[in-house]
2 protein chains.
Amino acid sequence: MATRTRRSQRRTEALSRERIVEAAVELLDTAGESGLTFRALTERLATGPGAIYWHVANKDELLAAVTDAVVAAAVAVGRTAGTRQSPPEKPEPQASPQDGIRGVALGLFEAIERHPWLATQLAAQLSRSPWGTVTPRMFESIGQQVRALDVPESSWFTVTSALVHYVLGAAGQNAANSASARALAPGVDRARFLDTVSTAWEELDPDEYPFTRAVADQIRGHDDREQFLAGIDLVLAGITATQRREPRPGQE
Amino acid sequence: MATRTRRSQRRTEALSRERIVEAAVELLDTAGESGLTFRALTERLATGPGAIYWHVANKDELLAAVTDAVVAAAVAVGRTAGTRQSPPEKPEPQASPQDGIRGVALGLFEAIERHPWLATQLAAQLSRSPWGTVTPRMFESIGQQVRALDVPESSWFTVTSALVHYVLGAAGQNAANSASARALAPGVDRARFLDTVSTAWEELDPDEYPFTRAVADQIRGHDDREQFLAGIDLVLAGITATQRREPRPGQE
DNA sequence: GCACATCTGGAACAACATTCCATGCTGGAA
DNA sequence: TTCCAGCATGGAATGTTGTTCCAGATGTGC
């Protein structure tokens, strides 16, 4: 607790909204959602609550800013078609729109994997102000790729919404997996964790859960990322299937 | 505040886990997520904290129980193919699996619409214990319909996951809409709310948000439920498109 | 060198989840 | 009936949280 060097540090590393957000992200990553408290923040930034409250209105606004910052970085990475830190000289010469969508989706997927708290926060932020700054960000990144498909403009909104919603739901669930896999077995491979889940599902009531028991074994070998992309491809296939036909099918 | 009749009521309406969960749901519905406090619970149940803690371990467990109860009711309704309170005598004679899936999805959709806090809680519960009691419930309801499609067994898990994930993401987002529409304009129609959002999107930076600005106008007339089902149909179309082909397409 | 708005941090406060414990109640045994 | 064991209860007390208040420090205009 460096209490004596504060005055000389004052303007050397001045407090700013960005520094607060940065510290909050680190706290969330290391200590989890319950680890982000104003007291921990003041200690980490060697300051007092008043200083923080001068830059952010309250905890909700801080969480919103944190979520927005991480999402912004995620879709920025995703926009370069999914390869992490690709050299910006030739940004994917003839990447298909499908690959672009996979890239953005994977960017969000990996962001949630890196920051497990992001799943909950995304849901919370979308509930609090659904049309805030985070929704347009994802909407824009995916929508730009949708526009590159041969989808009629009247369907842009619906199609993009479907993709965004799938990404949100899937990434959230998969982030939860990796989070508890990490918590349950820090060093052990996730195979052990998946095996536990699979066994638990196999022991469900046969009358109530026949289907879940039947697919329980498929959990064991599965790869989160592959399955996530398989879902994306499912939606993409649905898009091309329903948008390419001439006027409309008589009955589904 | 009936403080005097407590002793005679003691065993008349005994405290139970179910009564606590029921009261918690009502509190969440009327006062929002922040309205569910142990103090409010004790007042509503005319008891003390110790009595509640005798039945539930802590707030997290209470929230898990509450979420599970609401989800269980939702998929039970959805399983009867989407029509609310249909007479149980003839439960949908020749309903297609597609309609079954739409029914279960709509059941969850409407549950989140009725209980706006459910979206956040679902995300939180899935993050805390992803393979708890709520995931198998949704998985089973949708999976039983997937099995009725002509999908090969090897794809059951992937296909069902994709559907569940879309439902979670879409229902969460749409619940957020109706929630803030209600909060913003209690009596006014949601057209006014959608108009506000649309205008906000039209005023975004043209360089950063060209697509979002382009589709902003499509927000105005759109119906949450229709769009939700359109997304479901998109995934269903993708399923039939990719699963009906004989062995496998050479390249996507 | 002086005043001003900007910025800081410590102390104080209300609300919260949770724990503790003395007391009440109920169903069965004497 | 009377008693007792143990399930069940509710009020008081505790520690932590988000948030507010305010006296003072800091750097910038004169």
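Structure shown above.
Everything numeric in this text was worked out from a predicted model, so none of it was measured. (Residues numbered from 1 in each chain as written. Chains lettered and ligands numbered in written order. Predicted model: local features only at pLDDT ≥ 70, side-chain atom pairs only at ≥ 80, totals over all residues. Heavy atoms only, no water.)

A. Inspection of empty space enclosed by the protein at higher detail. In the structure shown here, the tally under the stated rule is 3 cavities of 30 Å³ or more. The computed volume of the largest cavity comes to approximately 290 Å³. Sorting the residues of the lining of the largest cavity by element identifies α7 (117–128) and α9 (156–184) of chain A together with α7 (117–128) and α9 (156–184) of chain B as the ones contributing at least two each. In the lining of the largest cavity, the residues fall into 12 nonpolar, 8 polar and no charged. (1 Å grid on protein atoms, 1.4 Å probe; cavity = no way out; pocket = protein on both sides within 12 Å on 5 of 7 lines; lining within 4 Å. Points joined across faces, edges and corners; volume = space filled by probe spheres on them. Helix = DSSP H or I, 4+ residues; strand = E, 2+ residues; numbered from the N terminus. Nonpolar A, V, L, I, M, F, W, Y, C, P; charged D, E, K, R; others polar.)

B. Layout of the interface of chain A and chain B. Taken together, the contact between chain A and chain B spans 61 residues of the former and 62 residues of the latter. Counting across the interface, chain A meets chain B through 0 salt bridges. Viewed at the interface, chain B and chain A are joined by 10 residue pairs in polar contact (both at pLDDT 80 or more). Among the elements of the structure, α7, α8 (134–148), α9, α10 (190–202), α11 (210–220) and α12 (224–244) of chain A are those that each provide at least two residues to the side of chain A that touches chain B. The leading source of residues in the side of chain A that touches chain B is α9 of chain A, at 16 residues. In terms of residue class, the side of chain A that touches chain B is built from 32 nonpolar, 21 polar and 8 charged. (Contact = heavy atoms within 4.5 Å. Salt bridge = Lys/Arg side-chain N within 4 Å of Asp/Glu carboxyl O. Polar contact = N/O pair within 3.5 Å; in protein donor to acceptor, adjacent residues only side chain to side chain.)

C. Representation of the side chain of T212 of chain A in the model. Relative to the elements of secondary structure, T212 of chain A occurs in helix α11. On the basis of relative accessible area, T212 of chain A is assigned to the buried category, the value being 0%. Apart from the residues lying within four places of it in its own chain, the contact partners of T212 of chain A are W201 and L204 of chain A together with P136, F139 and E140 of chain B. (Buried < 20%, exposed > 50% of the residue type's maximum accessible area, 1.4 Å probe, protein only.)

D. Region of interest: the nonpolar core. With 137 residues, the main nonpolar core has L41, F228 and I239 of chain A together with L41, F228 and I239 of chain B as its most contacted residues. Each of two domains, domain 1 (15–56) and domain 2 (57–85 + 95–242) of chain B, supplies a minimum of three residues to this core. Excluding its chain neighbours within four sequence positions, the residues that come into contact with L41 of chain A are I20, A23, A24, L27, L36, I52 and L62 of chain A. (Core = buried A, V, L, I, M, F, W, Y, C linked by side-chain atoms within 4.5 Å. Domains from an automatic or database assignment.)

E. Expanded view of the pattern of salt bridges. For the coordinates displayed, the defined rule picks out 20 salt bridges over all chains. Salt-bridge contacts for D68 of chain A lead to R137 of chain A; the nearest nitrogen and oxygen are separated by 2.9 Å. Here D68 of chain A, found in helix α5 (residues 59–79), pairs with R137 of chain A, found in helix α8; they are 69 residues apart in sequence, far enough to count as distant. In this pair, the class of D68 of chain A matches that of R137 of chain A, namely buried. Between E61 of chain B and R17 of chain B there is a salt bridge, and its shortest N-O distance comes to 2.8 Å. Here E61 of chain B is found in helix α5 (residues 59–79), whereas its partner R17 of chain B is found in helix α2 (residues 17–31), with 44 residues between them in sequence.

F. Expanded view of α8 of chain A. Taking 1.5 Å per residue, 15 residues should reach 21 Å; α8 of chain A reaches 22 Å between its end C-alpha atoms and fits that length. By the burial criterion, the buried members of α8 of chain A are V134, T135, P136, R137, M138, F139, E140, S141, I142, G143, Q145 and V146 of chain A. (Expected span 1.5 Å × (residues − 1).)

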